[in-house]
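# Descriptive analysis of the structure
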Amino acid sequence: MNEIAVVEQLPIITEKLKKVGEELDKRINELHLDSLVCNEETRKEIKNLRTQLGTEFKECENQRKTIKNQVMTPYEEFNKIYEEEIKTRYQQADLILKTKIDEVENGIKEKTKELALEYFNEYKASKTVIKDNYLTFDELNLSIGLDGLTDKGALVKKYKDAIIEKVDNVERDIETINTMEHNSEILVEYLKNKNLSLANKEVNDRHVILNQVQKDYEIV
């Protein structure tokens, strides 16, 4: 790629600053500031020296600000043209390419999701204890990526295995629930979050409270 621009003036300015800095360093060293004694007799002289150095520094700061404005004005113009002529064109090209890539990748993900949903419905239907509304596809929390299809466009094994594992877990839980006391209530709680231990605890705690209330009522 061709260079978009070459900065020629900055090295000259930098070299000039270094030269002035060396001369200033020499002057300050010759003043032996660390060994100066400040007392009532020398105070005024030292204050004058400080004022002189402060005035010189202020002049340097004024020059710096002037140079900054002189440098920044052409830079801002350069940056404006750069964004119009180069940055915008790269961004437009990138957006076109990204749109095309996203279209294909979204198509792959959508196809993967369709095949996964189809496989899920078929496998769930083979489980007699799992009614249609007991488990939804969204509850699988499958992370659909670009690796979901084989070269021939079929669903890859890892997605099938994830579906099988989730459905089989729910099947085992429901079969366990069917053997438990208060199974209808436990099933209702279980279907909320697919957590058998939590569902069982919720129902058992509820019945402990109900039993206690009943005992208290009988005592009264």
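Scope of this entry: the structure provided in the associated data block.

Criteria and cut-off values
Within each chain, residues carry numbers counting from 1 in the order of the written sequence. For a predicted model such as this one, the threshold for reporting local features is a pLDDT of at least 70, and the threshold for listing and counting side-chain atom pairs is 80 or more; totals across whole chains, interfaces and linings nevertheless cover every residue. To obtain the side-chain values, all non-hydrogen atoms of the structure were used and water was disregarded. For helices, the axis comes from a line fit to the C-alpha atoms of the stretch in contact; other axes are also lines fit to C-alpha atoms, and the angle between any two N-to-C directions lies between 0 and 180 degrees. To qualify as a helix, a DSSP run of H or I must reach at least 4 residues; to qualify as a strand, a run of E must reach at least 2; elements of each kind are numbered from the N terminus. Each crossing is labelled by how the near helix is turned from the far one, with a counterclockwise turn of less than a right angle marking it left-handed and a clockwise turn marking it right-handed. Working rule for contacts: check all heavy atoms of both residues, and any pair within 4.5 Å makes them a contact. Each residue is assigned to one of three groups, with Ala, Val, Leu, Ile, Met, Phe, Trp, Tyr, Cys and Pro labelled nonpolar, Asp, Glu, Lys and Arg labelled charged, and all others, Gly among them, labelled polar. The method works on a 1 Å grid over the protein atoms by themselves. A cavity is a set of points holding a 1.4 Å probe that cannot get out, a pocket is an open set with protein on both sides within 12 Å along at least five of seven lines, and residues with an atom within 4 Å of a point line them. Grid points are joined across faces, edges and corners, and a volume is the space filled by probe spheres set on the points. Side-chain atoms within 4.5 Å are what join buried Ala, Val, Leu, Ile, Met, Phe, Trp, Tyr and Cys residues into a set we call a nonpolar core. For every residue, the accessible area obtained with a 1.4 Å probe (protein chains only) is divided by the maximum for its type, and the residue is called buried under 20%, exposed over 50%, and partly exposed between those limits. A patch consists of residues exposed above 30% relative accessible area that lack any salt bridge, with like charges linked at up to 9 Å and nonpolar side chains (Val, Leu, Ile, Met, Phe, Trp, Tyr) linked at up to 5 Å. All accessible areas in this document rest on Shrake-Rupley with a 1.4 Å probe, and a residue is counted as covered only by the protein chains that are shown. Salt bridge, as used here, is a side-chain nitrogen of Lys or Arg placed within 4 Å of a carboxyl oxygen of Asp or Glu. Positive charge is attributed to Lys and Arg, negative charge to Asp and Glu, and no charge count is given to His or to the chain ends. Charge placement uses NZ in Lys and CZ in Arg. For Asp and Glu, CG and CD serve respectively. In protein, a polar contact requires one atom able to donate a hydrogen and another able to accept it; more generally it is a pair of N or O atoms within 3.5 Å, and residues adjacent in sequence count only if both atoms are side-chain atoms.

## Focus: the packing of helix H2 (residues 43–125) against helix H3 (residues 157–177)
Contact geometry of H2 with H3 gives a least axis separation of 10 Å together with a crossing angle of 35°. As H2 runs across H3, the sense of the crossing is right-handed. Where H2 abuts H3, its residues Thr112, Ala116, Tyr119, Phe120, Tyr123 and Lys124 lie against Tyr159, Lys160, Ile163, Ile164, Val167 and Asp168. Residue composition of the contact of H2 with H3, grouped by class: eight nonpolar, one polar and three charged.

## Examining the layout of surface pockets
Considered as a void within the structure, the largest pocket measures approximately 640 Å³ in volume. Lining the largest pocket we find 20 residues, and of these Leu17, Val20, Cys60, Gln63 and Arg64 sit closest to its centre. Contributions of two or more residues to the lining of the largest pocket are made by helix H1 (9–31) and H2. Ranked by residue count, the leading element in the lining of the largest pocket is H1, at eleven residues.

## Some points on unusual backbone geometry
You will see that His182, though not glycine, has its phi angle at about 60°, which is positive. Along the chain, the position of His182 falls in the loop between H3 and helix H4 (183–193). Phi is positive for Lys194, close to 60°, though the residue is something other than glycine. Along the chain, Lys194 turns up in the loop between H4 and helix H5 (196–219).

## Topic: the nonpolar core
Of all hydrophobic cores here, the largest spans 23 residues; its most connected members are Phe120, Val167, Ile174 and Tyr190. For this core, the elements supplying multiple residues, two or more each, are H2, H3, H4 and H5. Considering every element that reaches this core, the biggest residue donor is H3, with six residues.

## Details of a negative patch on the surface
Judged by side-chain charge, Glu15, Glu22, Glu23 and Asp25 come together as a negatively charged surface patch. Here Glu15 lies in helix H1.

## Some words on the environment of Ser35
Inspection of the secondary structure assignment puts Ser35 in the loop between H1 and H2. Overall, Ser35 belongs to the exposed group, its relative accessible area being 54%. A polar contact is formed between the side chain of Ser35 and the backbone oxygen of His32, at a distance of 3.0 Å.

Limitation: the analysis is restricted to geometry and does not speak to function.
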